[in-house]
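# Working through the structure, step by step
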Number of protein chains: 2
Amino acid sequence: MTRKRATKAVRLKDIAVKTGMSIATVCKILKGPPTSDLFAEGSVKRVKQMADRLGYRPNYHARSLQTGKSMTVGVAMAGSIESNIWFFGQMLGGIQNQARLLGHSLLLISPEKDRDSLATGLEYARCRQIDCLIVPHFAYSEESVRQMENVNLSVVLTTLYERKTSLPTVLMDPKPGIAQAVQHLADLGHRRLTWFGPVPGTDQILGDSREAVFSSAVKSLGLKGDSVYFSKLPAGAPDEVGEWVQGGREAMLKHLAGVPKDQAPTCLVCSDERHALGAYSAILECGLKIPGDVSVVGFDNIFAPVACPTMTVVSHMLPEIGRKAVEMAIAMADDPALVVKLRGHREYIPSQLIVSKSTVRPRA
Amino acid sequence: MTRKRATKAVRLKDIAVKTGMSIATVCKILKGPPTSDLFAEGSVKRVKQMADRLGYRPNYHARSLQTGKSMTVGVAMAGSIESNIWFFGQMLGGIQNQARLLGHSLLLISPEKDRDSLATGLEYARCRQIDCLIVPHFAYSEESVRQMENVNLSVVLTTLYERKTSLPTVLMDPKPGIAQAVQHLADLGHRRLTWFGPVPGTDQILGDSREAVFSSAVKSLGLKGDSVYFSKLPAGAPDEVGEWVQGGREAMLKHLAGVPKDQAPTCLVCSDERHALGAYSAILECGLKIPGDVSVVGFDNIFAPVACPTMTVVSHMLPEIGRKAVEMAIAMADDPALVVKLRGHREYIPSQLIVSKSTVRPRA
DNA sequence: TTGTACGCGTTATCAT
DNA sequence: ATGATAACGCGTACAA
């Protein structure tokens, strides 16, 4: 009637008894081809069928206790889930999928009162035999990450830009996506492309490096490029999404107020999706339409879907970054030699243009 | 030099040897007050200090193997992380925090090719001894959830509205937040409040039930209420955030086109944040300002921070829903009697108004 | 106040 | 081709 009665889990022993084989034999047979080859056809079949019939599942803890591996990958988030999930979730998706694919499960680690996630990660490595740790190197200091360089654990970093560390790192390559964006706008017929990014020299990552790629792409296609800049957020400002959006809005409002309407950009390439959202607002407020009057390309692929119209973006490919990181991390855990080989390794994930509804032909 | 050499983990036995006590004694002493009371002051001190000095950490798998508990709570997501994280992340934050607080860790479960998350959850219960399962009852059919009602595992559901099941459920109560929203607008001086929701009769949850609360709150304050409706999305439409936003925009555009400008709403209470974002767009396109001309209150607290200006919302309090669910689930796992007691239980989490920048006094 | 001895379910080694 | 047996590290009932 009720299934609630705690039915004891079925063990190797149960199968052994029912089939008249020994525990060891059953164990080996159920491990499959490498080890099961030495046994008689009949025995293999009998054991497997019995395991099936009884619904046998190996006990995870017993196995881990014995092997010292836990088939678990840890993910050390620098901040709380709530405040980071907006961009972190995408990467987490990739991480989870790949982990599952390789038969591993995921342990989410976030900072506690007195300890950061890296410390907790190491803790877990010791008491739970976590096999490897993925560290999204966004909000960590290089200092604190450096302490992970010599621990007895497979650590792989994920970032959006180069950071100083000998740990293997998976990071985004902004070039392909930006080049595609420029090409896309050119194909649509735009002749003057406007870069919307931080004042040069104020932000190496979001600014200078990406703008350089943009400029060279524009030049190589023989197009005109110009730029609108926003000032970096005041130092120490809370890293609130809303602040970024607001910053983008103000900069764009100011720019649009300063030029005659027929001189407004026909298309924008933004260094950051959040600023792009602010620009959306500013553009509408000035009586211009998106994409009719101004086409917009953002950078990232987080909020793009809620933009109205949904935004064409250069995607960071966060899921792919996460996926690759897990692949590397597990490989390292399985093969210690790799740990040495991958020292200082950089794995670049090409960014990619995702075309949506914010980009069209310019008005004639 | 290199710390890389796999230093064998320290075990109870190591402490036992170093202190000259038996393993059992060390074990009991390290468990603390309940069991350690019977031992001599001196012994306790010696053992504890030694454990400290050697950096002892109990082996998680050995412990779980012995106790049959894994100190792990599973979370069974109905869809992929990437596609759900936008609203699910908030709840996940609450889940993680509470789990950690109670010494548990989190196992994220998402659907696989041939099995949904609930099946995988049960699988984990069997082979990994996960103690309990949190099921965000959003995209699951009542059918498939019903199959969880008689399994030997602590299951707690989380939803935003009542669903038919005997499983204990944590859900949102929309009333408090909506009442606060109405009061807030009234306090600001608004006299006519406009509801922006789905056509009556087309959506029990987002529509009728919330609108009823709104209407009664408006009436009880002696204010005027009216409404603008959007049609439900066509059945089978992809549950894309962008579609919702677009739907909101079109409905609001249509409404604004149909009324003289001085009859436009001075404030909006939206049944859904995504539609509210669409309304944002429509309002700007019509040359009106937010919040100057139109104050807007959304529902949810997911995208509100990226709205420009950031949106005042009735928050679902998703982190709190997650937190409470974990609290209940772990309690049930610890005390089987609770499983019976909480049959059919409903735990309501009051929604709450979060005031931001999209609501101000109406123009004089 | 402390110790002995066994069991948890699996894997690995070494026999046969 | 198969089986005994000893780990893995911890918890606990029972003895001393």
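Quick note: structure is the one above.
What comes next is a walk through the structure. Predicted model only: the values in this text are computed from it and were never measured.

About the criteria used
- Residues numbered from 1 in each chain as written.
- Chains lettered and ligands numbered in written order.
- Predicted model: local features only at pLDDT ≥ 70, side-chain atom pairs only at ≥ 80, totals over all residues.
- Heavy atoms only, no water.
- Helix = DSSP H or I, 4+ residues; strand = E, 2+ residues; numbered from the N terminus.
- Rg over C-alpha atoms; globule rule 2.2 N^0.38 Å.
- Buried < 20%, exposed > 50% of the residue type's maximum accessible area, 1.4 Å probe, protein only.
- Contact = heavy atoms within 4.5 Å.
- Near = heavy atom within 4 Å.
- Polar contact = N/O pair within 3.5 Å; in protein donor to acceptor, adjacent residues only side chain to side chain.
- Salt bridge = Lys/Arg side-chain N within 4 Å of Asp/Glu carboxyl O.
- Arc of directions from axis to C-beta.
- Pairing = 2+ DSSP bridges.
- Axes fitted to C-alpha atoms, helices over the stretch in contact; angles between N-to-C directions.
- Least-squares fit on C-alpha atoms with pLDDT ≥ 70 in both.
- Nonpolar A, V, L, I, M, F, W, Y, C, P; charged D, E, K, R; others polar.

## Some thoughts on the overall build of chain A
A count of helices and strands for chain A gives 14 helices and 12 strands. The C-alpha atoms of chain A give a radius of gyration of 27 Å, which is well past the 21 Å a tight globule of 364 residues would have. Over its C-alpha atoms, taken along the principal directions, chain A stretches across nearly 90 × 45 × 40 Å. Burial status across chain A gives 54% buried among its 364 residues. Across chain A, contacts joining residues at least 24 apart in sequence account for 69% of those joining residues at least 6 apart.

## As for the protein's contact with DNA strand D
Around DNA strand D, a shell composed of 25 residues is seen, among which T25(A), K28(A), L12(B), Y56(B) and R63(B) lie nearest. The sugar-phosphate share of atoms of DNA strand D within 4 Å of the protein amounts to 70%. At 3.0 Å from a phosphate oxygen of DNA strand D is found a main-chain nitrogen or oxygen belonging to L38(A). A distance of 3.4 Å separates a phosphate oxygen of DNA strand D from a polar side-chain atom of R11(B). Listing elements by their share of the surface near DNA strand D, those giving two or more residues are α2 (23-31) and α5 (60-67) of chain A together with α2 (23-31) and α5 (60-67) of chain B. Ranked by the residues each element gives to the surface near DNA strand D, the list is headed by α2(B), at 4 residues.

## A look at the interface of chain B and chain A
At the junction of the two partners, chain B supplies 63 residues and chain A supplies 61 residues. Scanning the region where chain B abuts chain A turns up 6 salt bridges. With a closest N to O distance of 3.4 Å, E112(B) and R100(A) form a salt bridge. Applying the counting rule to chain B against chain A returns 22 residue pairs in polar contact (both at pLDDT 80 or more).

## What to know about α5(B)
Looking only at α5(B), the buried set comprises Y60(B), H61(B) and S64(B). Taken end-on, α5(B) shows its buried residues confined to a sector of 90°, consistent with a single buried face. Residues of α5(B) that are buried in the fold lie against α5 and α7 (117-128) of chain A together with β1 (72-76) of chain B. The backbone nitrogen of H61(B) has a side-chain oxygen 2.8 Å away, supplied by the residue at the start of α5(B), namely N59(B). Immediately downstream of α5(B), the backbone of G68(B) shows phi near 80°, a positive value.

## Digging into the sheet that holds strand β8 (residues 267-270) of chain B
All names here are of chain B. Reading across from one edge, β7-β6-β8-β9-β10-β12 is the order of the 6 strands in this open sheet, with mixed pairing throughout. Both outer strands of the open sheet, β7 (224-230) and β12 (352-354), are each paired with one neighbouring strand and no more. Going across the sheet, the axis of each strand differs from the next one's by a mean of 20°, ignoring polarity. Across 3 bridges, the pairing between strand β9 (residues 295-299) and strand β10 (residues 312-315) is parallel. Bridged to F299 within β10 is V314. Where helix α10 (residues 204-220) meets the sheet, it contacts β6 (192-198), β7, β8 and β9, and its direction lies at approximately 170° from that of β6.

## Some details on the side chain of H61(B)
Here H61(B) is to be found in helix α5. Judged by relative accessible area, which is 1%, H61(B) ranks as buried. Once residues within four sequence positions are removed from consideration, H61(B) is found in contact with Y60(A), H61(A), S64(A), L65(A), S70(A), C127(A), R128(A) and Q129(A).

## With respect to the relation of the copies chain B and chain A
Once turned by 180° and shifted 0.0 Å along the axis, chain B lies on chain A with an RMSD of 0.1 Å. Within this description, the copies of the chain are treated as partners about a two-fold rotation axis. The rotation axis passes nearest to the C-alpha of H61(B) in chain B, at a distance of 2.4 Å. Looking at chain B, 97% of its interface residues are interface residues in chain A too, so the copies touch through the same face.

## A closer look at the protein's contact with DNA strand C
As a matter of local geometry, DNA strand C sits amid 25 residues, with L12(A), Y56(A), R63(A), K28(B) and Q66(B) nearest to it. Backbone atoms, meaning sugar plus phosphate, form 70% of the atoms of DNA strand C positioned within 4 Å of the protein. A distance of 2.6 Å separates a phosphate oxygen of DNA strand C from a polar side-chain atom of Y56(A). With respect to DNA strand C, the side chain of Q66(B) contributes an N or O atom lying 2.4 Å from a base nitrogen. The set of elements that each furnish at least two residues to the surface near DNA strand C consists of α2 and α5 of chain A together with α2 and α5 of chain B. Across the surface near DNA strand C, the residue classes tally to 12 nonpolar, 7 polar and 6 charged.

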